[in-house]
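Inside the fold
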Amino acid sequence: MWYAILSEDVNGSLARRGPARPAHVQRLETLKQQGRLLIAGPHPAIDAPAPGPAGYSGSLVIADFASLGEAQAWADTDPYVAAGVYAKVAVKPFLKTLP
């Protein structure tokens, strides 16, 4: 089943994102290679595709997991969690309707 992982950044998270980004992206690449990643990306803190020093306010990942517990465990071990990038992470079941 698909699960949406909605993360909210701490204030001033940009400096913490940089060092943790390679490991964070590698985990997403693994999901992609397994055919389990629907979409992933950050939420710019401002209305711009390249927010520069404004940074990001959070992230969204929608991926396929066997259970809510598995999705939560995956989210809990994200390198951004370990680096203190995220203030809050919610994992919710997601039903893809369109397209």
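See above for the structure.
So, here is what we can say about the structure in this document. Note that the structure is a prediction, hence the values are computed from the model and not measured.

Here four strands make up an open sheet; going across it, the order is E2-E3-E1-E4 and the pairing antiparallel. Strands with a single pairing partner mark the edges of an open sheet, and in this sheet they are strand E2 (37–44) and strand E4 (86–94). On average, adjacent strands in this sheet sit at an angle of 10° to one another, irrespective of strand direction. The pairing of E2 with strand E3 (residues 56–64) spans seven bridges and is antiparallel. Bridging across to E3, glycine 41 finds its partner in leucine 60. Sheet strands touched by helix H1 (residues 14–33): strand E1 (2–9), E2, E3 and E4. Its angle to E3, the strand with the most contacts, is close to 15°. In the packing of helix H2 (residues 68–76) onto the sheet, contacts are made with E1, E3 and E4, and the angle to E4 comes to roughly 155°.

To continue, consider empty space enclosed by the protein. Counted by the stated rule, this structure contains one cavity of 30 Å³ or more. There is about 50 Å³ of room inside the largest cavity. Considering the residues around the largest cavity, the lining is formed by Ile5, Ser7, His24, Ser59, Val61, Trp74, Ala75, Asp78, Val81, Tyr86 and Val89. Counting only elements with at least two residues in the lining of the largest cavity, the list comes to E1, E3, H2 and E4. Residues that form the lining of the largest cavity fall into these classes: seven nonpolar, three polar and one charged.

Taken residue by residue, H2 has Ala71, Trp74 and Ala75 as its buried positions. Seen from one end, H2 has its buried residues packed into an arc of 100°, which puts them on one side. Its buried side turned inward, H2 meets E1, H1, E3, helix H3 (79–82) and E4.

The rules behind these values
- For every chain, the first residue of the written sequence is number 1, and numbering continues from 1 along that sequence.
- Confidence filtering applies because this is a predicted model: local features only for residues at pLDDT of at least 70, side-chain atom pairs given and counted only at 80 or more, and all residues used for totals across whole chains, interfaces and linings.
- With hydrogens and water excluded, all non-hydrogen atoms of the structure serve as input to the side-chain values.
- By this definition, two strands are paired if DSSP reports at least two bridges between them.
- Numbered from the N terminus, helices here are DSSP runs of H or I no shorter than four residues, and strands are runs of E no shorter than two.
- A fitted line through C-alpha atoms serves as each axis, taken over the contacting stretch for helices, and the angle formed by two N-to-C directions is quoted from 0 to 180°.
- Note on contacts: a residue pair qualifies if any of its non-hydrogen atoms lie within 4.5 Å across the two residues.
- Of the two site types, the cavity is a set of points on a 1 Å grid over the protein atoms alone where a 1.4 Å probe fits but cannot get out, and the pocket is an open set with protein on both sides within 12 Å along at least five of seven lines, each lined by residues with an atom within 4 Å of a point.
- Grid points are joined across faces, edges and corners, and a volume is the space filled by probe spheres set on the points.
- Each residue receives one of three labels: charged for Asp, Glu, Lys and Arg, nonpolar for Ala, Val, Leu, Ile, Met, Phe, Trp, Tyr, Cys and Pro, and polar for the others, Gly being one of them.
- For every residue, the accessible area (1.4 Å probe, protein chains only) is compared with the maximum for its type, and the residue is labelled buried under 20%, exposed over 50%, or partly exposed between those bounds.
- When we speak of the arc, we mean the arc of directions from the helix axis to the C-beta atoms.

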